[in-house]
Structure formats: structure tokens, C-alpha cells
Amino acid sequence: MTREQKATVIKDLTATLGDSSTIYLADISGLNASDTSNLRRACFKANVSISVVKNTLLAKAMEASEKDFGELPELLKGNTSIMLSEVANAPAKVIRNFRKKSDKPVLKGAYIEEAIYVGDDKVDVLSDIKSKEEMIGEIIGLLQSPAKNVVSALKSGGGKLAGILKTLSEK
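An unreviewed UniProt entry lists the chain under the name Large ribosomal subunit protein uL10, from Nonlabens ponticola. Turning to the chain, the UniProt record has this under Sequence similarities (unreviewed entry): "Belongs to the universal ribosomal protein uL10 family."

Set out below in C-alpha cells:
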């Protein structure tokens, strides 16, 4: 690889890191061709992008990025794959589900919305993180519950003011 090609790869990686709020670093070494294909398929179904990267180029891209990756550049040893997703817990769920059949991939670390997670023991914690959509759904559900109670109380009051007041006072 020439210097120009390396510079281009670093520039592309830096842009990718800058655009991503969810970045996982994993070790998938030791997977055979069939398992690697199954992992890539699982990532595709979960809208997770997975790529094997050269550690030195990724380290330079992290250094060139405006983000603070904390300890993550120190984890760039051995085989490293980068997993990117719009949903913070999607790569962790893929890893957890895939490891029901295999001991790989191993999570090296993750960068999620400026938070740094280091170590394979964080897979369960990361997979339990709720996505923005899940949180919004829960909040809407909680907000709708009292409104539904009021509407049902108004309907059960019979439409008369005295009945409505009585029903509301009981609630």
C-alpha cells in the first residue's frame, strides 16, 4: 500500500468515525469462513456495518478525529474489526446472540455518544442500553396512560356534569 493509499484510507476512516456516534471494536480472529459469513449476515440484518481494519491506520484516524476516544487506541492490538450502527445497542446484541454458538467475537471496546466502554464484560451492559426510539416509546406510553384514564372516566360518567365530577373524584 502506498503512502497516498494509506492517507486516503485514514481520511476515509476519520470521516467515518466523525459521522458515527456508535463505534464498537471487536476481535473476530479465529472464525472460519462459514462463521464469518454468518456474522456478517447477522450484522447486515441488524443494520450494523462491520469491517476489518488495520490497527495503525485506525489509530491514526482516531488521532485525527475531533472525538476523544480515551483508551480505545490502546486496544488496537491483534485482529480488530470495527462495527458501526445508528442504534447504540445493535452491535452488542449481535455479539451476544452470535456468542451463543461461538466464543467470538470478543468486544475490545466501544464508543457510544461520547462514552467509552472497555472490555468484553461490557457486552451485556451495552446490549441492555435502550435506543432513542425505545425510550421515546416508553415515555409516550407513560404520558398516554393518565390521559386514557381521564377519557375513560369522562365516558363512564354518562355525559352529565354530576356523573363526570363523581367519576373524576373517585379516580
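Now, onward.
Enquirer: Just give me the short version of the sheet that holds strand S2 (residues 48–53), but keep the residues and values in it.
Expert: Taken in spatial order, the five strands of this open sheet run S2-S3-S1-S4-S5, and their pairing is antiparallel. The sheet terminates laterally at S2 and strand S5 (115–118), the two strands that pair on one side only. Each strand axis lies, on average, 20° off the axis of its neighbour in the sheet, ignoring direction. Bridge analysis of strand S1 (residues 22–27) against strand S3 (residues 80–85) gives four bridges, and the strand direction is antiparallel. Within S3, the residue paired with Ala26 across the bridge is Ser81. Those strands touched by helix H2 (residues 33–45) are S2 and S3, and its axis lies near 140° from that of S2. Where helix H4 (residues 90–98) meets the sheet, its contacts fall on S1, S2, S3 and strand S4 (106–112), and the angle it forms with S3 comes to roughly 125°.

Enquirer: Kindly report on a positive patch on the surface, identifying the contributing residues and their values.
Expert: A contiguous patch of positive charge, built from Arg3, Lys6, Lys54 and Lys60, is present on the exposed surface. Note on placement: Lys6 falls in helix H1 (residues 3–19).

About the thresholds
Residues numbered from 1 in each chain as written. Predicted model: local features only at pLDDT ≥ 70, side-chain atom pairs only at ≥ 80, totals over all residues. Heavy atoms only, no water. UniProt positions renumbered as here; feature names shortened; annotations may be inferred. Pairing = 2+ DSSP bridges. Helix = DSSP H or I, 4+ residues; strand = E, 2+ residues; numbered from the N terminus. Axes fitted to C-alpha atoms, helices over the stretch in contact; angles between N-to-C directions. Contact = heavy atoms within 4.5 Å. Patch = residues over 30% accessible without salt bridge, like charges linked within 9 Å, V, L, I, M, F, W, Y side chains within 5 Å. Areas by Shrake-Rupley, 256 points an atom, 1.4 Å probe, with all protein chains shown as cover. Salt bridge = Lys/Arg side-chain N within 4 Å of Asp/Glu carboxyl O. Lys, Arg positive; Asp, Glu negative; His and termini not counted. Charge placed at Lys NZ, Arg CZ, Asp CG, Glu CD.

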